[in-house]
Protein chains: 2
Amino acid sequence: MDKVKVIEIKKSVFADNDEDAARLRSELKRRGVYLLNLMSSPGSGKTTTLIQTLKRLEGRLRVSVMEADIDSDVDAIKIQEATGVPSIQLHTGGMCHLDAEMTRQGLDNVALSDSDLVILENVGNLVCPAEFDTGAVRNAMILSVPEGHDKPLKYPLMFSVCDLVLVNKTDVMPYFDFDMDKCREYVHMRNPKAVIIPICAKTGEGIDAFADWLVQEVKNWKQQ
Amino acid sequence: MDKVKVIEIKKSVFADNDEDAARLRSELKRRGVYLLNLMSSPGSGKTTTLIQTLKRLEGRLRVSVMEADIDSDVDAIKIQEATGVPSIQLHTGGMCHLDAEMTRQGLDNVALSDSDLVILENVGNLVCPAEFDTGAVRNAMILSVPEGHDKPLKYPLMFSVCDLVLVNKTDVMPYFDFDMDKCREYVHMRNPKAVIIPICAKTGEGIDAFADWLVQEVKNWKQQ
């Protein structure tokens with residue numbers, strides 16, 4: 001088993017993140033690479049969801065993964081070992097989010113010519129990552145059932161910027177006061193067009209739907 | 001029922017947060033007020049834990065609560081309605097943390113002469129709040145079982161700065177792969193002196209122990 005590559009990300013020195021992000025998105029478009037920015041709270045199940053999803057994408061899309069974390073590299077190792085999908089670890093050095101330049105530093109270490117889709121697992125945080133365009137084509141986030149259906153009320157920007165909301169850990173719905181209808185209502189209050197897919201990374205529920213969404217998205221992006 | 005006061009917090013213009021924090025702590029000491037900074041991920045159960053704890057502190061300590069949130073004011077209303085404890089809501093205007101000056105702006109709206117203990121519920125975020133000394137006597141955090149026992153590996157600073165870790169939602173332990181021994185080991189790897197109390201805000205387990213810890217802490221602080 002190869003060790004995963006660990007990249008120490010430096011803070012961006014550029015003033016205009018939006019310009020950097022737009023430039024990065026154009027460049028990825030030219031190279032035929034779709035970048036997904038996946039965000040969530042700590043412990044919502046991003047890594048387990050990715051592992052399940054990558055298994056279902058085998059033979060359908062060529063995928064690479066960038067795992068951002070403040071310090072540890074357990075996630076990238078776990079993903080590469082479980083799926084064989086090339087994964088690198090980005091260390092943000094205490095930073096609570098990634099911006100476009102930091103994302104580019106990560107992408108410089110990814111085999112883009114062998115990738116249709118790059119999934120960026122952002123730092124576990126519902127606040128700061130929402131404020132920075134990474135250059136991704138789409139933003140997605142995972143809200144897990146134990147966190148509660150009221151999170152779109154409390155973290156408005158995160159839910160405004162996300163095109164896709166995966167509601168994870170549906171297997172523990174009976175043990176929590178989580179109202180899926182209210183969740184849908186609150187998410188759509190922030191972004192009426194957001195796609196919502198209930199999933200359970202542990203049992204596999206809904207993962208096919210997420211994988212299909214990704215395949216369709218990448219196809220549309222390449223044809224645009 | 002009085003509506004709760006909502007304070008729009010301005011970003012600090014002072015350069016040295018550590019100096020501001022030390023000054024605020026001295027001032028609170030002089031006035032006999034103990035400030036606790038309570039941090040956690042979104043959805044870990046801070047508000048429910050507070051409600052249970054405040055009920056057990058009735059007649060033992062005079063408490064006030066400051067609820068920091070990016071936007072909503074549901075938490076302060078919920079606490080005041082459930083417990084009668086005076087609560088104010090701090091709106092951070094998108095900011096992901098509170099610093100000492102922002103905390104002071106909140107405290108200006110609290111009846112300090114009627115308070116032995118002020119509990120500050122920080123923004124739900126395991127990254128940024130850990131970087132800023134608020135002027136509190138102690139930092140505490142809630143880690144909930146569904147988030148996983150590996151969080152001290154991934155959010156090192158948060159666990160380094162916390163004197164107390166409440167491990168919440170112990171009632172759902174059977175449904176998650178959460179190892180309490182490993183959790184203790186990882187927490188103590190970051191801070192060997194951290195006190196760890198397993199609790200369940202829903203069933204009340206461990207809340208007495210947390211309340212007793214607070215009573216003892218405030219007593220020690222006043223006698224120092």
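Before reading on, note that the structure itself is shown above.
Here the structure is a predicted model, which is why all the values come from computation and not from measurement.

Quick word on the pairing of strand S3 (residues 63-69) of chain A
Residue and element names in this part refer to chain A.
- Among the seven residues that make up S3, seven are buried, leaving the element largely enclosed by the rest of the structure.
- Burial of the side chains of S3 extends over both faces: Val63, Val65, Glu67 and Asp69 are buried on one face and Ser64, Met66 and Ala68 on the other.
- Bridging between S3 and strand S5 (residues 117-121) involves five bridges; their strand directions are parallel. Bridge pairing in S5 links glutamate 67 to glutamate 121.
- Bridging between S3 and strand S4 (residues 87-91) involves five bridges; their strand directions are parallel. Each bridged residue has a counterpart across the sheet, and for alanine 68 the counterpart in S4 is leucine 90.

So, the interface of chain B and chain A
- In this complex, chain B contributes 31 residues to the contact, which on the side of chain A involves 32 residues.
- Ranking the residues of chain B by area buried against chain A places Pro42(B), Lys154(B) and Tyr175(B) at the top, with a combined share of 24%.
- Here Lys154(B) makes a salt bridge to Asp75(A), at a shortest N to O gap of 2.7 Å.
- Where chain B touches chain A, the interface holds eight residue pairs in polar contact (both at pLDDT 80 or more).
- At the level of secondary structure, the elements contributing two or more residues to the side of chain B that touches chain A comprise helix H3 (74-83) and helix H5 (151-154) of chain B.

Some details on the sheet that holds strand S8 (residues 195-198) of chain A
Residue and element names in this part refer to chain A.
- Read across the sheet, eight strands follow the order S1-S4-S3-S5-S2-S6-S7-S8 without closing on themselves; strand pairing throughout is parallel. The open sheet has two free edges, formed respectively by strand S1 (5-8) and S8, since each of these has just one partner strand. Neighbour-to-neighbour, the strand axes of this sheet turn through a mean angle of 20°, independent of strand direction.
- Where strand S2 (residues 34-40) meets S5, five bridges bridge the pair, whose relative direction is parallel. Its bridge partner lying in S5, leucine 36 is registered against isoleucine 119.
- The sheet contacts of helix H7 (residues 180-190) involve strand S6 (138-144), strand S7 (164-168) and S8, and relative to S8 the element is tilted by about 155°.

Quick notes on the packing of aromatic side chains
All names here are of chain B.
- All chains considered together, the criterion is met by four aromatic pairs over all chains.
- Taking the centre distance of 6.2 Å and the plane angle of 90° together, the rings of tyrosine 34 and tryptophan 221 count as edge-to-face. With tyrosine 34 in strand S2 (residues 34-40) and tryptophan 221 in helix H8 (residues 207-223), this residue pair connects regions lying 187 residues apart in the sequence. Exposure class is identical for tyrosine 34 and tryptophan 221. Each is buried.
- Between lysine 29 and the ring centre of tryptophan 221, over which it is positioned, the NZ or CZ distance is 5.3 Å.

Topic: the packing of helix H2 (residues 46-57) of chain A against helix H3 (residues 74-83) of chain A
All names here are of chain A.
- Look at H2 against H3: their axes get within 10 Å of each other, and the N-to-C directions meet at 25°. Here H2 is positioned roughly parallel relative to H3, judged by the angle of their axes. Considering only the axes of H2 and H3, their crossing is right-handed. Facing Thr47, Leu50, Ile51, Leu54 and Lys55 of H2, the residues of H3 in contact are Asp75, Lys78, Ile79, Ala82 and Thr83.

Some points on H3(B)
- Listing the buried residues of H3(B) in full gives Asp75(B), Ala76(B), Ile79(B) and Gln80(B). Seen from one end, H3(B) has its buried residues packed into an arc of 125°, which puts them on one side.
- Taken together, the buried residues of H3(B) touch helix H5 (151-154) of chain A together with helix H2 (46-57), strand S3 (63-69), strand S4 (87-91) and strand S5 (117-121) of chain B.

Examining the sheet that holds strand S1 (residues 5-8) of chain B
All names here are of chain B.
- Taking strand neighbours across the sheet as the criterion, the eight strands line up as S1-S4-S3-S5-S2-S6-S7-S8 in an open arrangement whose pairing is parallel. Each edge of the open sheet is held by one strand with a lone partner, namely S1 and strand S8 (195-198). The mean angle between the axes of side-by-side strands here comes to 20°, regardless of whether they run parallel or antiparallel.
- The pairing of S1 with S4 spans four bridges and is classified as parallel. Considered in S4, the bridge of valine 6 is made with glutamine 89.
- With respect to the sheet, helix H4 (residues 100-107) is in contact with S1, S2, S3, S4 and S5, its orientation differing from that of S3 by roughly 125°.

Considerations on the pattern of salt bridges
Residue and element names in this part refer to chain A.
- Under the defined criterion, the tally for this structure stands at 24 salt bridges over all chains.
- In this structure, arginine 104 engages glutamate 101 in a salt bridge whose closest nitrogen and oxygen atoms are separated by 3.9 Å. Here the residue arginine 104 and the residue glutamate 101 both occupy positions in helix H4 (residues 100-107), the gap between them amounting to three residues, near one helical turn.
- A relative accessible area of 17% means that glutamate 101 is categorised as buried.
- Shared partners join several salt bridges into a network, and the residues in it are Glu27, Glu101 and Arg104.

Things to note about the relation of the copies chain B and chain A
- Between the two copies, chain B and chain A, the superposition gives an RMSD of 0.0 Å; the rotation angle is 180° and the shift along the axis is 0.0 Å. Expressed as an axis order, the relation between the two copies is that of a two-fold axis. Of the C-alpha atoms belonging to chain B, the one lying closest to the rotation axis is found on Asn125(B), 3.0 Å away.
- Taken together, the interface assignments show that 100% of the residues at the interface of chain B recur at the interface of chain A, consistent with an identical surface on both copies.

As for the side chain of Asn139(A)
Residues and elements named next belong to chain A.
- Note on placement: asparagine 139 falls in strand S6.
- Exposure remark for asparagine 139: the relative accessible area of 18% places this residue in the buried category.
- Within the structure, asparagine 139 has its side chain in polar contact with the backbone oxygen of valine 161 (distance 3.1 Å).
- In contact with asparagine 139, other than residues within four places in its own chain, are Asn37, Met39, Val161, Cys162, Asp163 and Leu164.

Digging into the nonpolar core
- Counting residues in each nonpolar core, the largest one holds 86 residues, and the members touching the most others are Met141(A), Met158(A), Met141(B) and Met158(B).
- In this structure, Met158(B) is in contact with Met39(B), Asn125(B), Leu126(B), Ala130(B) and Met141(B), ignoring residues within four places of it in sequence.

Criteria and thresholds
- Residues numbered from 1 in each chain as written.
- Chains lettered and ligands numbered in written order.
- Predicted model: local features only at pLDDT ≥ 70, side-chain atom pairs only at ≥ 80, totals over all residues.
- Heavy atoms only, no water.
- Buried < 20%, exposed > 50% of the residue type's maximum accessible area, 1.4 Å probe, protein only.
- Helix = DSSP H or I, 4+ residues; strand = E, 2+ residues; numbered from the N terminus.
- Pairing = 2+ DSSP bridges.
- Contact = heavy atoms within 4.5 Å.
- Buried area = accessible area lost by both parts, 1.4 Å probe.
- Salt bridge = Lys/Arg side-chain N within 4 Å of Asp/Glu carboxyl O.
- Polar contact = N/O pair within 3.5 Å; in protein donor to acceptor, adjacent residues only side chain to side chain.
- Axes fitted to C-alpha atoms, helices over the stretch in contact; angles between N-to-C directions.
- Phe/Tyr/Trp six-rings, centres within 6.5 Å; stacked < 30°, edge-to-face > 60°.
- Lys NZ or Arg CZ within 6 Å of the ring centre and 35° of its normal.
- Parallel < 35°, antiparallel > 145°, perpendicular 65-115°, else oblique.
- Left-handed = near helix turned anticlockwise from the far one by under 90°.
- Arc of directions from axis to C-beta.
- Least-squares fit on C-alpha atoms with pLDDT ≥ 70 in both.
- Core = buried A, V, L, I, M, F, W, Y, C linked by side-chain atoms within 4.5 Å.

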